[in-house]
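So you can see what is in the structure, the chains are spelled out below.
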Amino acid sequence: MQNPWKSISTLLSVGGSAVMVALLSLGSPAQAEAQGAPPPNMVADEMERSRSCVPVLSQLEELNLALDPLSRRMDRIEALYQAVALEDSMRVAPFDEARREDRLVREWFEADGDLAREYVESEDEALLEERRQLRGELEEELEQAFREISQEANEILGEDEDFFDALSSCDGAILVREAVLEACEDDDASTVCREAGGGDVDGVYRFVEVAEDLWDVEQLRPWTNPSGIGPRPDGGLGGASTGTVARRGNVRLALAVEPILLERSEVGPEEAAEYDAHLEAMGFEWDNPRFVMAPGMAVSLGIDRPLADETHYLLHFDDLSDPPSQVFWSAEADAEGPIQGGFAASDAVLARLMAGDEVSLTAIRLTDEDELEGDVLYSLGFTTMGQAEAVTALLSYLVEGQFSEDLDALFPADG
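The rules behind each value
Residues numbered from 1 in each chain as written. Predicted model: local features only at pLDDT ≥ 70, side-chain atom pairs only at ≥ 80, totals over all residues. Heavy atoms only, no water. Phe/Tyr/Trp six-rings, centres within 6.5 Å; stacked < 30°, edge-to-face > 60°. Helix = DSSP H or I, 4+ residues; strand = E, 2+ residues; numbered from the N terminus. Buried < 20%, exposed > 50% of the residue type's maximum accessible area, 1.4 Å probe, protein only. Pairing = 2+ DSSP bridges. Axes fitted to C-alpha atoms, helices over the stretch in contact; angles between N-to-C directions.

Peer 1: Describe the packing of aromatic side chains, naming the residues involved and giving the relevant values.
Peer 2: One pass over the full model with this rule turns up seven aromatic pairs. Here the aromatic rings of Trp 286 and Phe 403 are separated by 5.8 Å at their centres, their planes lie at 35°, and the arrangement is tilted. A residue pair is termed long-range when its members are at least 10 positions apart, and Trp 286 in the loop between helix 11 (269-281) and strand 9 (291-302) and Phe 403 in helix 15 (residues 402-410) qualify at 117 residues. Relative accessible area serves as the criterion here: at 0%, Phe 403 is assigned to the buried category.

Structure follows, in structure tokens:
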């Protein structure tokens, strides 16, 4: 969930109202060749990635063995936390009496059930307060347990920033077999080396024979079904969002629709009025006294460096024949990605998403910065599967009262 602490006008200007987009003129002499063949920098980059990932993945394998018991406990605590939040013990049954967290949650469900039955009979408001207090104490116990395990895991992981920077490029990557085998000459014990040498198609890692093949590997994930907003054991909020992921080779692109949510006391009256006016102009009702909100979008492009010496990325509908009406977000190509952005979505963009119009991300190179002319280099497209239904359901949840009611339940005026 976005929380960028920027004015609504600043967030809107991140999208298609930018001057660069409004004036951009695009030609496509390079498009046909670029779309049929891998971008020129990709082959060398992927060979180097695969070679450098061998020692990183070997180290990760050792860490995973040490962290697996802690990871399982953290997953269990998160499940217990959600069960308490939803008051549904069946989500985590049966309880493991050997674990303290399980015992605490089981005992709480039993005690809370007794108090609920007493309240039905007596309607004594003090019982409701007792229930709230016991629930708060339990949530604090679970959060503390989560923090302690997290700290233990951090001590095992250490603070090797170089390792984690390298891991972000390797974890989940599709590897080039010939490059991995080159790097495995002195390391045949790790899983990545065994699988590269054995040709195991059902192993942990995925391989292509040559780097050029990566550009033909495309994966699309349908839009996720939105859920209501709810707590996470780390103290944050989750849910109230929908999104999709597209992947081509090792380039991962994610797009999400989610609320920008800020406390009125933090943004000040003028900016709060700006948010309210934005929703009113879109025809949405929002009268929450504590929070301001705007339907927003978040985009993430996992790319280490430009694949075709592009200068900018454009998020758009249609074919870029009319950029001012089709582009709704742009970003400069970064020499050391990934690239992330968040912005308030206009009513026109939301309407097209709800209509199921396809979204694409296109890399361009400005050939004349003064005249803002450029060439299309390559594009990545998202699926529309589930898009219209998911975005429509989320926006209905955000602006028809349920989202505000859920926030009031999570943040009661007397709590």
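Following the structure, the description resumes.
Peer 1: Run through the pairing of strand 7 (residues 242-248), naming residues and quoting values.
Peer 2: Strand 7 sits mainly inside the fold: seven of its seven residues count as buried. Every second residue of strand 7 is oriented toward a common face, with Thr 242, Thr 244, Ala 246 and Arg 248 on one face and Gly 243, Val 245 and Arg 247 on the other, all of them buried. Strand direction decides the pairing type here: strand 4 (residues 218-221) and strand 7, joined by four bridges, are antiparallel. For Glu 218, the partnering residue across the bridge sits in strand 7 and is Arg 248. Pairing geometry for strand 7 and strand 8 (residues 251-263), over seven bridges, is antiparallel. Paired with Arg 248 across the bridge in strand 8 is Val 251.

Peer 1: Which residues make up the sheet that holds strand 12 (residues 339-344), and what are the values?
Peer 2: Spatially, 4-7-8-9-12 is the arrangement adopted by the five strands of the open sheet, whose pairing is antiparallel. One side of each edge strand has no neighbouring strand; the edge strands of this open sheet are strand 4 and strand 12. Each adjacent strand pair in this sheet contributes to an overall mean axis angle of 15°, direction not counted. Looking at chain direction, strand 8 and strand 9 are connected through 12 bridges and run antiparallel. In the strand pairing of strand 9, Leu 262 is matched with Val 292.

Nothing here speaks to function; it is all geometry.
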